[in-house]
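# Fold and contact review
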Amino acid sequence: MDRRGRSRVKPIKSPEEEESSGTLRGCQWTLTSPCRVSECTDMSGSRLMRAIRVSEFGGPSVLRLCSDVPVPVPGPRQVLIHVRACGVNPVETYIRSGSHGRKPTLPYTPGTDVAGVVEAVGDGVTAVKAGDRVFTTATVSGGYAEFTVASEDCVHWLPDALDFPQGSAIGIPYFTAYRALVHRARAKAGETVLIHGASGGVGVAACQLSRALGLRVLGTAGTPEGMKLALSNGAHLIFNHRDEGYTDKIMEATDSAGVDIIVEMLSNVNLSKDLQMMAYGGRVTVVGSRGSIEINPRDTMAKESCIMGVALFCATQEEKKECAALLYAGMEAGWLRPIVGSHYPLEKAAQAHHDIIESPGAAGKIILTI
């Protein structure tokens, strides 16, 4: 064992020995003895690591664990991070399937919001140094890996009060929730917000943030566990979106006035219903969608309501800094409490991609542990 408690790499076998032992160099589904990266090198002397690689678009099975991926080298204003945990987001399943508008060049490694320790920094980096605990909102080389490179402006210091799994649940969920509520919906204290899908990573973040902003928070979830989770993280009232007539109950809770803001996680199912629950001048922020839906535009005309998309990559540097400042204040005050759901080891990334889409109800952020 090395000083980090990880098992040392076994000597590389010849192809004949590997065939007889039933293991494969490179891509494989499991790795029983993860290599110590500092000791695992290729013929040129480059350090190697384990990483998930996608060589073709398709189902979860295209996520392949490879053990011979070169450790990336940080360029100017870039940071090399030793990854300890990485969040799994629904958008990563859409990109992997090829159904998303943005398609990375193949092969690629998925993953944006990691938490870990700075291993090295490139020229010009001043915000962090080697040994710092950090989390990210994006990566350059992909987060489903033992090491990743990220741009300095996407790397943020991780307070000691939060562990690495919690750190990997901050980046996309909380920055997306802030953008939906503040930058897009222009939420004001005293307004009523409905978090439509309040028990997942973004949903929990939106509940906590909405409560901190002084909003009246209504939420929906699909399981008793999810409903309880939303209530314990800022929702004033919670409704089961699988129940018949749940939208009538939401309208009753607003004295038929409707809600001012809806943060929508599954617009291809809920958008038409959302428009009918709007207050005058209401805003629906579309965070997630898995397909198309037919709506009646008259539903927007009657109350002059607005439908707006949310895309974190559209945020300016100033907007990102503004968001980070508020989130750090939340960490200090204690209301920002990332909720981690299911943990999967790196070699189970395909299972994580299956479960995040097919599970009956979300309960916190799904993460990979490395």
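Note that the structure is a prediction, hence the values are computed from the model and not measured.

## Looking at unusual backbone geometry
Between Leu106 and the following residue, Pro107, the backbone shows a cis peptide bond with an omega angle of -10°. By the secondary structure assignment, Pro107 is in the loop between α2 (90-97) and β5 (114-121). In the Ramachandran plot, Arg77 falls in the positive-phi region, its phi being about 60° despite a non-glycine side chain. Secondary-structure assignment places Arg77 in the loop between β3 (63-70) and β4 (78-87). Judged by relative accessible area, Arg77 falls into the partly exposed class, the value being 45%. At Glu304, a residue that is not glycine, the phi angle is positive and equals roughly 50°. One can find Glu304 in the loop between α9 (298-303) and β14 (306-309). Take Glu304: its relative accessible area is 55%, and that puts it in the exposed class.

## Brief notes about helix α10 (residues 317-333)
In a regular helix each residue adds 1.5 Å, so 17 residues correspond to 24 Å; α10 covers 24 Å between its end C-alpha atoms and thus fits that length. The set of residues buried in α10 consists of Cys323, Ala324, Leu327, Gly330 and Met331. The buried residues of α10 occupy one face: seen down the axis, they fall within an arc of 120°. Exposed side of α10, more than 90 degrees from the buried face: Glu318, Lys321, Glu332 and Ala333 are the residues found there. Against the buried residues of α10 lie β6 (133-136), β8 (155-157) and α4 (171-184). Immediately downstream of α10, the backbone of Gly334 shows phi near 100°, a positive value.

## Considerations on the nonpolar core
In this structure, Leu181, Val193, Ile195 and Val263 are the most contacted members of the largest nonpolar core, which totals 43 residues. Counting only elements with at least two residues in this core, the list comes to β5, α4, β9 (192-196), α5 (201-212), β10 (216-221), α6 (224-231), β12 (259-264) and α10. Looking at this core element by element, the count peaks at 8 residues for α4. In this structure, this core is formed jointly by two domains, domain 1 (48-169 + 338-369) and domain 2 (173-314), each of which donates at least three residues. Among the nonpolar cores identified, the runner-up in size contains 28 residues, and Ile52, Ile81, Val128 and Tyr344 belong to it.

## Remarks on the packing of α2 against helix α11 (residues 349-358)
The angle between the axes and the distance between the axes are what describe a pair of packed helices. Where α2 contacts α11, the axes come no closer than 9 Å and their chain directions differ by 115°. If you check the angle between α2 and α11, you find them roughly perpendicular. With respect to the hand of their crossing, α2 and α11 are arranged in left-handed fashion. Contacts between α2 and α11 pair Pro90, Glu92, Thr93, Tyr94 and Arg96 from the former with His353, Ile356 and Ile357 from the latter. Here the contact of α2 with α11 is built from residues that sort into 4 nonpolar, 2 polar and 2 charged.

The rules behind the values
- What you see as residue numbers is a count from 1 along each chain, following the sequence as written.
- Thresholds applied to this predicted model are a pLDDT of at least 70 for local features of residues and 80 or more for the giving and counting of side-chain atom pairs; totals over whole chains, interfaces and linings are not thresholded and use all residues.
- With hydrogens and water excluded, all non-hydrogen atoms of the structure serve as input to the side-chain values.
- Only DSSP runs of H or I with at least four residues qualify as helices, and only runs of E with at least two residues qualify as strands; both kinds are numbered from the N terminus onward.
- Only protein chains enter the accessibility calculation, which uses a 1.4 Å probe. A residue is then buried if its area is under 20% of the maximum for its type, exposed if over 50%, and partly exposed in between.
- Helices are assigned an expected span. That span is 1.5 Å times one less than the residue count.
- In this description, the arc belongs to the directions extending from the helix axis to the C-beta atoms.
- Any two residues whose heavy atoms approach within 4.5 Å at even a single point are treated as in contact.
- The definition of a nonpolar core used throughout is a set of buried Ala, Val, Leu, Ile, Met, Phe, Trp, Tyr and Cys residues joined through side-chain atoms within 4.5 Å.
- By convention here, the domain bounds are inherited from an automatic or database domain assignment.
- Helix axes are fitted only over the stretch in contact, all axes being lines through C-alpha atoms; the angle between N-to-C directions runs from 0 to 180 degrees.
- To sort the angles, those under 35 degrees are grouped as roughly parallel, those over 145 as roughly antiparallel, those from 65 to 115 as roughly perpendicular, and the leftovers as oblique.
- We call a crossing left-handed when the near helix sits turned anticlockwise from the far one by less than a right angle, and right-handed when that turn is clockwise.
- Three categories are distinguished: nonpolar for Ala, Val, Leu, Ile, Met, Phe, Trp, Tyr, Cys and Pro, charged for Asp, Glu, Lys and Arg, and polar for the others, with Gly belonging to the last.

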